[in-house]
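Observations on chain architecture
Below are the chains, spelled out letter by letter.
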Amino acid sequence: MHKKILLAAVLVAPGAIIVATQAQAQTVAVADPEAAVENSKVWAAAQAEIGTTYKTQLDQAKTRSDAIAAELAPLYKKFDTNGDNQLSQAEIAAARSTRGAELAQIEAKEKAAQEELGRMTAQPSRARAYAVEQITSKVNEAVTNVVKSRNISVLIRPNAAFFASPTADITPAISAEIDRLFPKASITPPAGWQPGQQGQQAAAAPAPAAPATGAKPKKQPESR
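The following paragraphs examine the structure supplied in this document. (Residues numbered from 1 in each chain as written. Predicted model: local features only at pLDDT ≥ 70, side-chain atom pairs only at ≥ 80, totals over all residues. Heavy atoms only, no water.)

Moving on: the overall build of the chain. For the chain, the count of helices and strands is eight helices and four strands. Reading the helices (α) and strands (β) of the chain from amino to carboxyl end gives α-β-α-α-α-β-α-α-α-β-α-β. Taking contacts inside the chain between residues at least 6 apart in sequence as the whole, the part at least 24 apart equals 87%. Working note: accessible area of the chain is about 12,100 Å², and carbon and sulfur atoms make up 56% of it. (Helix = DSSP H or I, 4+ residues; strand = E, 2+ residues; numbered from the N terminus. Contact = heavy atoms within 4.5 Å. Areas by Shrake-Rupley, 256 points an atom, 1.4 Å probe, with all protein chains shown as cover.)

It is the contact of helix H4 (residues 55–77) with helix H5 (residues 89–120), at a shortest axis distance of 10 Å, that shows an interaxial angle of 175°. Judged by the angle between their axes, H4 and H5 are roughly antiparallel. Taking contact as the criterion, the partners of Gln 57, Gln 60, Ala 61, Arg 64, Ser 65, Ile 68, Glu 71, Leu 72, Leu 75 and Tyr 76 in H4 are, on H5, Leu 103, Ile 106, Glu 107, Lys 109, Glu 110, Ala 113, Glu 116, Leu 117 and Met 120. Among the residues forming the contact of H4 with H5, the class breakdown is 10 nonpolar, three polar and six charged. (Axes fitted to C-alpha atoms, helices over the stretch in contact; angles between N-to-C directions. Parallel < 35°, antiparallel > 145°, perpendicular 65-115°, else oblique. Nonpolar A, V, L, I, M, F, W, Y, C, P; charged D, E, K, R; others polar.)

Another aspect to go through is the nonpolar core. Of all hydrophobic cores here, the largest spans 27 residues; its most connected members are Ile 135, Leu 155, Ile 170, Ile 174, Ile 178 and Ile 187. Looking at this core, the element that brings in the most residues is helix H7 (residues 139–149), giving five residues. One finds Tyr 76, Leu 87, Ile 92 and Ala 95 within the second-largest nonpolar core, a separate group that totals 11 residues. (Core = buried A, V, L, I, M, F, W, Y, C linked by side-chain atoms within 4.5 Å. Buried < 20%, exposed > 50% of the residue type's maximum accessible area, 1.4 Å probe, protein only.)

What follows deals with the packing of helix H3 (residues 41–53) against H4. Relative orientation of the contacting elements H3 and H4 amounts to 80°, with a least axis distance of 5 Å. It follows that H3 is roughly perpendicular to H4 by the angle criterion. Listed contacts from H4 to Ile 50, Gly 51, Thr 52 and Thr 53 of H3 are Lys 55, Gln 57 and Leu 58. Its residues assigned to classes, the contact of H3 with H4 comprises two nonpolar, four polar and one charged.

To continue, consider the side chain of Glu 133. Examined against the element boundaries, Glu 133 turns out to sit in helix H6 (residues 122–136). Despite its burial, Glu 133 pairs with no opposite charge; the closest candidate is Arg 126, at 9.6 Å N-O. Separated by 2.4 Å, the side chain of Glu 133 and the backbone nitrogen of Gly 196 make a polar contact. (Lys, Arg positive; Asp, Glu negative; His and termini not counted. Salt bridge = Lys/Arg side-chain N within 4 Å of Asp/Glu carboxyl O. Polar contact = N/O pair within 3.5 Å; in protein donor to acceptor, adjacent residues only side chain to side chain.)

Moving on, we come to H4. With 23 residues, H4 should cover 33 Å at 1.5 Å per step; its first-to-last C-alpha distance of 32 Å lies within 8% of that length. Inspection of H4 places Gln 57, Ala 61, Ser 65, Ile 68, Ala 69, Leu 72 and Tyr 76 among the buried residues, and these make up the whole buried set. (Expected span 1.5 Å × (residues − 1).)

So, about the packing of aromatic side chains. Enumeration over the complete set of coordinates arrives at one aromatic pair. Measuring from ring centre to ring centre gives 5.1 Å for Tyr 130 and Trp 193, while their planes differ by 70°; the resulting arrangement is edge-to-face. Placement of the pair is Tyr 130 in helix H6 and Trp 193 in the loop between helix H8 (171–181) and strand S4 (216–217), with a sequence separation of 63 residues. By relative accessible area, which is 2% here, Trp 193 ends up buried. (Phe/Tyr/Trp six-rings, centres within 6.5 Å; stacked < 30°, edge-to-face > 60°.)

In the case of a regular strand, side chains alternate between the two sheet surfaces. Burial of strand S3 (residues 152–156) is extensive: four of the five residues sit out of reach of the surface. As judged from the four bridges shared by strand S1 (residues 27–30) and S3, these two strands associate in the parallel manner. Residue Ala 29 lies in a different strand from S3, and its bridge partner there is Leu 155. (Pairing = 2+ DSSP bridges.)

Structure follows, in structure tokens:
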């Protein structure tokens, strides 16, 4: 859940993927900006504060989620012909052709449950999105500072490198710089705040995904 929110926020940070400095050195480094935010102390502190502030809502949502899982698992299990606790596309297709109305009812029930959980976690989800937006607004500056201090001329993502020594990874340094630039994030959005108002172009962060509900489709386009 947290990774999804982080990814949605950080991916829109311009310049966070490849950065070039005016230095003449030909140093190449790798960095993962999402991981830099996720591993920062300020993000960990924000998560802990959200967990404490909204403990009641989160506990209630967890209890309700467990109940929903217990209810849906046996319903989906009926279509799990190979017993692997998941519904493959072939199993879904077979279910739709022979018991389509029944499957549709289960999917509708799951969709309603997801919406219910979304409402229950609306406040902590909003707080999380606000904290993420504040922190990710510092990613560009943190990257630039680390790049300049180390005379790095090219910065790429780890998955774009054919090979990279562990010493080439400056992600931890970026995390440390984020913490230096922004040691404390607020989890209380101001009145009327909407995601994207910190200068980013992101749309609202997605609501937390509900825990797995046992045997269910890997992909359910009609109910997602």
